[in-house]
Amino acid sequence: MNTAGHPEATERRGLELTPFRGLRYDPDRVGSLAAVTSPPYDVVVRPDGVNHLQSADPHNIVRLILPQAGTPSAGTEQAADTLHRWQAEGILTTDPEPGLYVYEQHDGNGMLQRGVIGALRISEPSEGVVLPHEEVMPPVVADRAALMRATSANLEPLLLTYRGNGAAAEVVEATAARPPLLATTTEDGFRHRLWSITDPAEVARVQSDLSRHQALIADGHHRWATYLRLRAEHTSPSPWDYGLVLLVDTARYPLRVRAIHRLLHGLPVADALRAVEGLFRVRRLDVPLPKAQEALADAACVGNAFLLAGDGTFHLVDRPDPDLLARTIPADRPTAWRTLDATVLHATLLDHVWHIPEDSPARIAYIHDTAATVAKAERHGSTAVLLHPVREEVVRDLARQGVTMPRKSTSFGPKPASGLVLRALDA
């Protein structure tokens, strides 16, 4: 991978991936492997998604990644107790020898993704090895840190991408030709398969290849920030120097990039539209969601554009007033950052027009699923703001410049399912 913007990255060291003894469900002790998996914690629509997953199986991983209790501290204690009980009961068992894990996702319609899961040496952004591209919300980092401290485990792998097409990819492909450790199909239609790489020569080939590359955080900025915080709390060397990741070579398996939408609590659509009157062009679209998304995509090709929903129809908001943008968007950033839809949404609409703090869970929620965002807005009389996705090359270029995008700007996928392999730090 090109290390432009971080010339020191190759002089220091690249990605350092280490085998670990995976903690996995015993398929004989649970209803099915599919029933104990979950999307990543920040993708689960709450509370509906949590309730659905909890009812799927009493041992669903959501009970660990999103514990439901009266207080946050009670939730983390509950998760730790649950994890330790499942280990004691043999629901979760530790693999006998350390390994790297090859993970495959296949939707049956042409989308195939393979990558390698391991414990990655944690590095600061200044080292140019792992590149973040989004800002994080401190309360979320604090929440994830409390959970990891209590459980002493990495419960979900982050999704990182790199461009290599070298020896690591060859080992991944050869491994995927063997019988897997597990195979299951989740209710979204995705087939998941997992293999282990324990042969020292194969592990060494993967490690040597990855040591020449840097990676982009595709999904998991808050968990990476959590890894950094917890590493600083422990004396090195320690297991906290490493964090669980899935590395996908996008030279072989390009990821999909989708938008993350906003749900604005307490702001009816009529009030939102009234506030933008004269500042943006607004057009009502009495069409189904797919047609509205097509209109958004067309408008996004020529400038900033958003879809507002929540009153039973859609409103295309585009063509912002240039003077408004000049007044509200910081001028000390690259043009690519200043023209992002997420930048205009946060700096102009949320801060200046609607006066909604972006770090207030009581006022704003971030939801990946488009239809779910619209449905929740209509149910609660709120405003859904639907965005068009950013191109991956824009994300990568900004990351190489050390420029972070507004929080929750992108959704790379497919994301790894949670619950297929965990990393216990005391294993």
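Residues numbered from 1 in each chain as written. Predicted model: local features only at pLDDT ≥ 70, side-chain atom pairs only at ≥ 80, totals over all residues. Heavy atoms only, no water.

**Student:** Describe the packing of aromatic side chains, naming the residues involved and giving the relevant values.
**Tutor:** Applying the stated criterion across every chain, the model contains 3 aromatic pairs. Taking 6.2 Å as the distance between ring centres and 50 degrees as the angle between the ring planes, the aromatic pair formed by Tyr25 and Trp86 counts as tilted. Remark: Trp86 occurs in helix H5 (residues 72-89) and Tyr25 occurs in strand E2 (residues 22-25); sequence separation between them is 61 residues. Neither Tyr25 nor Trp86 differs from the other in exposure class; each is buried. The cationic tip of Arg144 hangs over the ring face of Tyr41; the distance from NZ or CZ to the ring centre is 4.0 Å. In this structure, Arg333 is placed above the aromatic ring of Trp337, and the distance from its NZ or CZ to the ring centre is 4.4 Å. (Phe/Tyr/Trp six-rings, centres within 6.5 Å; stacked < 30°, edge-to-face > 60°. Helix = DSSP H or I, 4+ residues; strand = E, 2+ residues; numbered from the N terminus. Buried < 20%, exposed > 50% of the residue type's maximum accessible area, 1.4 Å probe, protein only. Lys NZ or Arg CZ within 6 Å of the ring centre and 35° of its normal.)

**Student:** Describe the packing of H5 against helix H6 (residues 138-151), and please don't skip the residues or the numbers.
**Tutor:** Where H5 meets H6, the closest approach of the two axes is 8 Å, and the angle between their N-to-C directions is 35 degrees. Every pair of crossing elements has a handedness; the one defined by H5 and H6 is right-handed. Each of Thr76, Ala79, Ala80, Leu83 and His84 in H5 lies in contact with H6, whose residues at this interface are Ala146, Leu147, Ala150 and Thr151. (Axes fitted to C-alpha atoms, helices over the stretch in contact; angles between N-to-C directions. Left-handed = near helix turned anticlockwise from the far one by under 90°. Contact = heavy atoms within 4.5 Å.)

**Student:** Please set out the sheet that holds strand E21 (residues 422-424) residue by residue, giving values where relevant.
**Tutor:** Backbone hydrogen bonds hold the strands of a sheet together, and the pairing may be parallel or antiparallel. Strands sit in the order E3-E2-E21-E7 across an open sheet of 4 strands; the sheet is antiparallel. Each edge of the open sheet is held by one strand with a lone partner, namely strand E3 (92-94) and strand E7 (153-154). Two strands pair when backbone bridges link them, and E7 and E21 are joined in this way by 2 bridges, in the antiparallel orientation. Bridge assignment links Ala153 to a residue of E21, and that residue is Ala424. (Pairing = 2+ DSSP bridges.)

**Student:** For the side chain of Thr226, give the residues involved together with the corresponding values.
**Tutor:** Within the element layout of this structure, Thr226 appears in helix H9 (residues 221-232). For Thr226, a relative accessible area of 0% translates into the label buried. Ignoring anything within four residues of it in the chain, the contact list for Thr226 reads Val141, Arg144, Ala145 and Met148.

**Student:** Got a sec to walk through helix H8 (residues 200-210)? Specific residues and values, please.
**Tutor:** Three or more residues of H8 are buried, namely Glu202, Val203, Val206, Asp209 and Leu210. Along H8, the residues classed as buried sweep out an arc of 135 degrees about the axis, all on the same side. Close packing links the buried residues of H8 with strand E1 (17-18), strand E4 (100-106), strand E8 (158-162), helix H7 (167-175), strand E10 (191-197) and strand E12 (242-249). (Arc of directions from axis to C-beta.)

**Student:** Could you give an account of unusual backbone geometry, with specific residues and numbers?
**Tutor:** The omega angle of the peptide bond from Ser236 to Pro237 is 0 degrees, so this bond is cis rather than trans. Residue position: Pro237 is located in the loop between H9 and E12. The peptide bond linking Gly413 to Pro414 adopts the cis configuration, its omega dihedral lying at 5 degrees. Among the secondary structure elements, Pro414 is positioned in the loop between strand E20 (411-413) and E21. Of note, Asn165 is a non-glycine position whose phi angle comes to about 55 degrees, a positive value. Since its relative accessible area comes to 42%, Asn165 is described here as partly exposed. For Lys408, which is not glycine, the phi torsion reads 55 degrees and is therefore positive. Under the relative-accessibility criterion, Lys408 is labelled buried at 9%.

**Student:** How would you explain the nonpolar core if you had to name every residue and give the values?
**Tutor:** If you look at the biggest cluster of nonpolar residues, it comprises 114 residues, and the most contacted ones within it are Tyr25, Ile117, Trp224, Leu247, Phe306 and Trp354. Looking at this core element by element, the count peaks at 6 residues for helix H14 (residues 341-353). If near-sequence neighbours (up to four positions away) are discounted, Ile117 is found in contact with Phe20, Leu100, Tyr101, Tyr103, Leu194, Leu244, Val245, Leu246 and Val421. Formed by 17 residues, the second largest nonpolar core is a distinct cluster that contains Leu296, Ala305, Ile367 and Ala384. (Core = buried A, V, L, I, M, F, W, Y, C linked by side-chain atoms within 4.5 Å.)

**Student:** Report on the pairing of E4, specifying residues and quantitative values.
**Tutor:** Burial runs high along E4: 6 of the 7 residues are buried. As judged from the 7 bridges shared by E4 and E10, these two strands associate in the antiparallel manner. By the bridge assignment, His106 is partnered in E10 with Arg191. Pairing of E4 with strand E5 (residues 112-121) involves 6 bridges; the strand directions are antiparallel. Bridging from a neighbouring strand, Glu104 pairs with Arg114 of E5. Between E4 and E5, which pair antiparallel and follow one another directly, the connecting turn spans 5 residues, one of which, Gly108, has a positive phi of 80 degrees.

**Student:** Describe the pattern of salt bridges, with residues and values.
**Tutor:** All chains considered together, the criterion is met by 24 salt bridges. A salt bridge links Asp48 to Arg379; the nearest nitrogen and oxygen atoms lie 3.7 Å apart. Residue Asp48 is located in helix H3 (residues 48-56), and its partner Arg379 is located in helix H15 (residues 370-380); the two are separated by 331 residues in the primary sequence. Between Glu127 and Arg121 there is a salt bridge, with the nearest N and O atoms lying 3.4 Å from each other. The pair Glu127 / Arg121 is uniform in exposure class, with both members buried. Connected through salt bridges with shared partners, the residues Glu104, Arg114, Glu173, Arg191 and Arg193 form a single ionic network. (Salt bridge = Lys/Arg side-chain N within 4 Å of Asp/Glu carboxyl O.)

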